[in-house]
Amino acid sequence: MAFITSAAAFAFVLTPLAFLLAMLTMFIEVNTLYHLSKRHASAGGYYGYVATALGPFAAIVTGLMYPVYQIVSTAAIPVYVAGIVLPGVLSYFFGINLPGWIWIPFILTFILVPVLLAMIGIRPQMKYIRYAAITEIAFLAVTSLIIIAESKDNTLNIFNPFAWNSVYGSQYSPIGGPIAGLGLGMIFGLTSFIGYGGSAPLGEEVKRSRDITKALMLGVTVVGVVLTEVSYALTVGWGVNDMASFANNNIPGIIVYSRFLGIAGGMLLALFAFNSAFSDSVAMQSNAGRVYFAMGREGILPKFFSYVHERWVTPSKSLLFIGVVSSAVAILSAFIIGDMSGVSVSEMLTSPATSSQVFTALTNAFDFLTTIALVGFILAHFMNNTAVMVLYYRLKERHTGVNKVLHPIQHYVLPAVATVIFAFVLYESIWPPVFPVTQAVGVGVAALAFSIAYTFWIKRNKPDSYRVAGTSVNIVQEEMQERSK
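Residues numbered from 1 in each chain as written. Predicted model: local features only at pLDDT ≥ 70, side-chain atom pairs only at ≥ 80, totals over all residues. Heavy atoms only, no water.

### Comments concerning the overall build of the protein chain
At step 1: Counting its regular elements, the protein chain contains 18 helices and zero strands.
At step 2: In the protein chain, which comprises 485 residues, the proportion classed as buried is 57%.
At step 3: Sequence separation of at least 24 residues holds for 81% of the intrachain contacts in the protein chain that already meet a minimum separation of 6.
At step 4: For the protein chain, the accessible surface area stands at approximately 19,000 Å², while carbon and sulfur atoms represent 66% of it. (Helix = DSSP H or I, 4+ residues; strand = E, 2+ residues; numbered from the N terminus. Buried < 20%, exposed > 50% of the residue type's maximum accessible area, 1.4 Å probe, protein only. Contact = heavy atoms within 4.5 Å. Areas by Shrake-Rupley, 256 points an atom, 1.4 Å probe, with all protein chains shown as cover.)

### Description of helix α5 (residues 103-120)
At step 1: For α5, spanning 18 residues, the distance from its first C-alpha to its last is 27 Å, which sits close to the expected 26 Å at 1.5 Å a residue.
At step 2: All of the buried residues along α5 are W103, F106, I107, F110, I111, P114, V115, A118 and M119. (Expected span 1.5 Å × (residues − 1).)

### Observations concerning the environment of N385
At step 1: Here N385 shows up in helix α14 (residues 356-395).
At step 2: Given a relative accessible area of 0%, N385 falls into the buried group.
At step 3: When the C-alpha positions of N385 and A418 are compared, they lie 7.8 Å apart, and in sequence the two are 33 residues distant.
At step 4: Each residue touching N385, except ones within four places of it in the same chain, is listed here: E29, T32, P415, A418, T419 and F422.
At step 5: Separated by 3.1 Å, the side chains of N385 and T419 make a polar contact. (Polar contact = N/O pair within 3.5 Å; in protein donor to acceptor, adjacent residues only side chain to side chain.)

### A word on the side chain of T191
At step 1: The residue T191 is located in helix α8 (residues 178-191) in this model.
At step 2: In this structure T191 comes out as buried when scored by relative accessible area, which is 2%.
At step 3: Polar contacts involving the side chain of T191 include one to the main-chain carbonyl oxygen of I187, which spans 2.6 Å.
At step 4: If sequence neighbours within four positions are ignored, T191 has contacts with F3, T370, A373 and L374.

### A look at the packing of helix α4 (residues 56-94) against α5
At step 1: Two numbers describe how α4 lies on α5: the axes approach to 8 Å, and their chain directions differ by 130°. Here α5 runs oblique to α4, going by the angle between their axes. The chirality of how α4 crosses α5 is right-handed. Here T74, A75, P78, V79, V81, A82, G83, L86 and P87 of α4 come into contact with α5, specifically with W103, F106, I107, F110 and I111. (Axes fitted to C-alpha atoms, helices over the stretch in contact; angles between N-to-C directions. Parallel < 35°, antiparallel > 145°, perpendicular 65-115°, else oblique. Left-handed = near helix turned anticlockwise from the far one by under 90°.)

### Focus: the nonpolar core
At step 1: Counting 128 residues, the largest nonpolar core has V13 and W103 as its most contacted members.
At step 2: Considering each element in turn, this core owes the most residues, 18 residues, to α4.
At step 3: Those residues in contact with W103 that sit more than four places away from it in its chain are G83, I331, A334, F335, M348, V358 and L362.
At step 4: The next biggest cluster of nonpolar side chains, apart from the first, holds eight residues, and it includes V50, A58, M65 and M383. (Core = buried A, V, L, I, M, F, W, Y, C linked by side-chain atoms within 4.5 Å.)

### Re the environment of V222
At step 1: Relative to the assigned elements, V222 resides in helix α9 (residues 210-238).
At step 2: Its relative accessible area of 23% is what places V222 among the partly exposed residues.
At step 3: For the pair formed by V222 and M23, sequence separation is 199 residues and the distance between their alpha carbons is 9.8 Å.

Everything listed here is a matter of coordinates, which is why it stays silent on function.
If you want it as structure tokens, here you go:
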């Protein structure tokens, strides 16, 4: 709901195409992660992969940026779902109008409760997420088909970026045209996949490493197909000629579901949205916490991050750090971006929760945080794509038969194609300048500059830690060894 609505603010009727292209791009990335995970299993995930191929400097920079986009995403989703959707649902269905300040405790709940679940351990997390996700996916898949079947606006022109100039020409023009709008929409298409690689940092905690590959494929397939289907259903359900108003509504998806499936359909969509926000937070905090753990045990980060809870065998201090920082980022970004949007702090605290002031501030804050996440996301995948090409070049493997053809495609061509697509989306987020997207890219670049400077500091002041960056192997095994001493 959050990503589709924000994508529609730039892509309008092309929103389903933005999600379709994002899905195809992430399928290419599965190829990259598959071939990297075959060679290296580590709680460091991307951090460990890059270390294997490109050495410690690139690994540390990637390791620092990967949790950045996980933290920012953990902050972003509750800003929208808890700050905008939840008050909107209560007002729309029950006539309950909440005060403006309510978004603060709502957002904190959606961040801090999941981090507690993440600290308990991966098994109880999965018991909850598995059954909830299966139900959610089935609901979205079936109900979207019903909306599509009953809609009178079905058209394949939704996937043609050049068919809508007469309807949306004036909206596309300020942002650089329909292709630029599509690129900006893909920001939210791509970042909606954040967390799909969550199985990678769990490489030390699974019994069979090939399960990582299965999880990656299943994750991209399910997320991509369902998101593309839902975005198409909401577009034709709302009206292909009226998508400009879609992004200016606080609960457009719920309204579409209520229109086609009654109050029960709208309420169920809202409940699944809240469940999804919790699940996302659990997954992303687990990923980021484990990467910080991997860096802490190697001395790249303070030893605080390398603590493993005796009972839960999880990096509980790292996870708690993620929760606290995500909460602070969410609240501060809402106030700062709100002020830049012309909404004062007092208005955000005293206006009704469903007012245009609070909606504008929090929507822009979500777009801002999501785009910062995009910068970290793209950098991590740039490095992964480069890593797989370098790694297999160094291996000098001999290939025969069909593998002789597949080798250059899998290890060079596909990673290069994915990198080009990421570069296109990043370019569209910078030029022409669009608030708050362009400002967010600047913050992301500043985080990258800090990561590079910090890596130079580690190299100079902690050479031993620098040398072993990304090489440690097993969180559970190491914990058991510590207990036996």
